[in-house]
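The lines below spell out each chain.
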Amino acid sequence: MRIEGVPASAGYAEGPLFDLDRPPAVYAGKATAAEEQTSLEAAIGTAVSRLTAMVEAADSDAAGILEFHIAMLEDDALSGPAFTSIASGRAADAAWREALDAEIAGYEASDQDYFRARATDLRDIRDQVLRALTEDGGSTAPSGAILCGEDIAPTRFLETDWSHGGGIALKAGSTASHVAMLARSRGVPMVVGLREPLADLAGVALLDAEHGSIVLAPSPAEIGAFRQSSASFAARQGMAQSFLARPAMTKAGTAVRVQVNIADPSDVDGIDIATCDGVGLMRTEFLFGKTLP
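Residues numbered from 1 in each chain as written. Predicted model: local features only at pLDDT ≥ 70, side-chain atom pairs only at ≥ 80, totals over all residues. Heavy atoms only, no water.

Enquirer: Even after reading the chapter, I still don't get the overall build of the protein chain, so can you show me in this structure?
Expert: Across its full length, the protein chain holds nine helices and 10 strands. Dimensions of the protein chain, computed from the C-alpha atoms along their principal axes, are close to 70 × 50 × 35 Å. Looking at the protein chain residue by residue over its 293 residues, the buried ones come to 39%. Restricting the contact set of the protein chain to residue pairs at least 6 apart, pairs at least 24 apart contribute 60%. (Helix = DSSP H or I, 4+ residues; strand = E, 2+ residues; numbered from the N terminus. Buried < 20%, exposed > 50% of the residue type's maximum accessible area, 1.4 Å probe, protein only. Contact = heavy atoms within 4.5 Å.)

What follows is the structure in structure tokens.
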């Protein structure tokens with residue numbers, strides 16, 4: 001069974017499917033509103049601590065995303081409605097979910113893809129706190145698995161070991177999401193906007209993130225053709241690397257400047273200056289964000 005989608009990060013992955021949409025753990029409510037407020041405050045603190053630890057091990061692009069999550073969690077404007085709801089008798093998990101879902105709905109209603117894509121970050125923030133409330137440690141995907149579901153949180157992507165392959169197949173998602181950007185920078189194959197649900201999660205699947213499709217329960221012939229396409233893609237990627245240090249120009253001989261985008265001055269340390277002509281965009285908002293109390 002082949003399901004079509006939209007390529008978000010080119011590449012090929014062959015492996016077992018892992019369901020991202022497993023049911024969440026159940027929160028055990030407290031006796032009083034004061035205890036519920038204390039539980040939510042502690043859960044937000046746990047989420048911030050977990051994200052801070054991830055920042056310390058992350059590269060600059062991932063760190064910028066995580067620092068955005070931390071800033072949102074520390075913003076009283078985000079958590080205030082939840083605490084107000086708790087004071088009126090709601091449980092901490094329900095109050096937090098309702099407050100964040102209202103914010104998420106606002107982003108999803110935007111007519112700009114960029115802002116709709118940020119809804120994924122808010123869902124991640126919501127779920128990080130719910131995970132802390134329920135003390136849910138989460139489940140680990142097997143090595144080389146294709147992670148599938150409605151969408152994937154940035155922290156889930158960063159917590160996954162991609163060194164042994166694997167990929168991402170989503171029914172929703174966006175090519176403009178933070179996860180799509182991370183996937184492209186790390187070479188993780190990713191397809192979004194699958195036109196049908198992945199009903200059968202058993203066995204091996206074939207993810208073609210160059211053209212945008214996933215094959216469930218593939219035949220031997222499909223596996224053979226897939227592996228040929230994967231090898232061809234790897235060869236083309238290797239050939240492309242050989243052109244990095246050459247001057248960029250059109251077929252007619254017109255020179256083209258190739259400039260890089262950086263989110264932090266430290267990004268420059270990882271760039272081979274022989275492969276580019278300068279900086280095209282500097283994400284100065286990250287610098288300002290680091291100076292905020």
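Enquirer: Honestly, the side chain of Ser-174 in this entry has me stumped. Any pointers?
Expert: If you trace the backbone, Ser-174 turns up in the loop between β5 (167-170) and α7 (178-186). With a relative accessible area of 11%, Ser-174 lands in the buried category. A distance of 3.0 Å separates a polar side-chain atom of Ser-174 from the backbone nitrogen of Ala-176. Beyond its immediate chain neighbours, meaning those up to four positions away, Ser-174 contacts Asp-113, Ala-117, Ala-180 and Val-192. (Polar contact = N/O pair within 3.5 Å; in protein donor to acceptor, adjacent residues only side chain to side chain.)

Enquirer: Which parts of the structure should I look at to understand the environment of Tyr-12?
Expert: Inspection of the secondary structure assignment puts Tyr-12 in strand β3 (residues 12-19). Given a relative accessible area of 13%, Tyr-12 falls into the buried group. Between the C-alpha atoms of Tyr-12 and Ala-234, which are 222 residues apart in sequence, the distance is 9.0 Å. Non-local contacts of Tyr-12, meaning those with residues more than four positions away in its chain, are made with Pro-189, Leu-207, Asp-208, Glu-210, His-211, Phe-226, Ser-229, Ser-230 and Phe-233.

Enquirer: Hey, could you run me through the nonpolar core in this one?
Expert: Soluble globular proteins tend to bury their nonpolar side chains together. Among the nonpolar cores identified, the biggest contains 31 residues, and Leu-40, Ile-44, Leu-73, Trp-96, Ile-125 and Val-129 are the most heavily contacted of them. Elements with a minimum of two residues in this core: α1 (33-57), α2 (60-73), α3 (76-87), α4 (92-108) and α5 (113-134). Per-element accounting of this core gives the leading share, eight residues, to α1. The residues touching Leu-40, leaving out its near neighbours within four places in the chain, are Ala-82, Phe-83, Ile-86, Ala-92, Trp-96, Val-129 and Leu-133. (Core = buried A, V, L, I, M, F, W, Y, C linked by side-chain atoms within 4.5 Å.)

Enquirer: For this particular structure, what's the right way to read the side chain of Ser-177?
Expert: Relative to the assigned elements, Ser-177 resides in the loop between β5 and α7. Within the structure, the side chain of Ser-177 is placed 3.1 Å from the backbone oxygen of Ser-174, a separation counted as a polar contact.

Enquirer: Explain the pairing of strand β4 (residues 146-149) to me, please; I cannot follow it from the model alone.
Expert: Regular strands place side chains that alternate from one sheet face to the opposite one. Both faces of β4 are covered, namely the face carrying Ile-146 and Cys-148 and the face carrying Leu-147 and Gly-149. As paired strands, β3 and β4 are joined by three bridges and run parallel to one another. Counted as the bridge partner of Leu-17 is Ile-146 from β4. Sheet analysis places β4 next to β5, joined by four bridges and oriented parallel. Paired with Ile-146 across the bridge in β5 is Gly-167. Since β4 and β5 lie parallel, the crossover through helix α6 (residues 154-159) that links them has a hand, and here it is right-handed. (Pairing = 2+ DSSP bridges. Right-handed = clockwise from strand over helix to strand, strands pointing away.)

Enquirer: How should the packing of α2 against α7 be read in this particular structure?
Expert: When two helices pack together, their arrangement is given by the angle between their axes and by how far apart the axes lie. Between α2 and α7, the shortest axis-to-axis distance is 10 Å and the interhelical angle comes to 165 degrees. Classed by the angle they form, the pair α2 and α7 counts as roughly antiparallel. Crossing angle aside, the handedness with which α2 passes α7 is left-handed. From α2, Asp-61, Ala-62 and Ile-65 reach across to α7, where they touch His-178, Leu-182, Ser-185 and Arg-186. Class assignment of the residues belonging to the contact of α2 with α7 gives a composition of three nonpolar, two polar and two charged. (Axes fitted to C-alpha atoms, helices over the stretch in contact; angles between N-to-C directions. Parallel < 35°, antiparallel > 145°, perpendicular 65-115°, else oblique. Left-handed = near helix turned anticlockwise from the far one by under 90°. Nonpolar A, V, L, I, M, F, W, Y, C, P; charged D, E, K, R; others polar.)

Enquirer: Help me out: how do you make sense of unusual backbone geometry in this one?
Expert: Across residues other than glycine, the phi torsion is negative in most instances, and most of the peptide bonds are trans. Even without being a glycine, Ala-217 presents a positive backbone phi close to 45 degrees. Looking at where Ala-217 falls in the secondary structure, it is placed in the loop between β8 (213-216) and α8 (220-241).

Enquirer: It is not clear to me how the packing of aromatic side chains should be interpreted in this structure. Could you clarify?
Expert: The geometry of two aromatic rings is summed up by the distance between their centres and the angle between their planes. For the structure shown, the criterion picks out three aromatic pairs. When the centroid spacing of 5.2 Å and the interplanar angle of 35 degrees are considered together, the rings of Phe-157 and Trp-162 count as tilted. Here the aromatic residues Tyr-12, Phe-226 and Phe-233 are joined through ring pairs into a cluster of three or more. (Phe/Tyr/Trp six-rings, centres within 6.5 Å; stacked < 30°, edge-to-face > 60°.)

Enquirer: Mind showing me how you'd approach the sheet that holds strand β6 (residues 190-192) here?
Expert: In any sheet, the strands associate via hydrogen bonds between backbone groups, in a parallel or an antiparallel arrangement. In spatial order, the strands read β1-β8-β7-β3-β4-β5-β6-β2; together these eight strands make up an open sheet with mixed pairing. Lying at the two open borders of the sheet, with one neighbouring strand each, are β1 (2-4) and β2 (6-9). Mean inter-strand twist for the sheet, computed between neighbouring axes without regard to direction, equals 30 degrees. Pairing of strand β7 (residues 204-208) with β8 involves four bridges; the strand directions are antiparallel.

So yeah, pure geometry; function would need other evidence.
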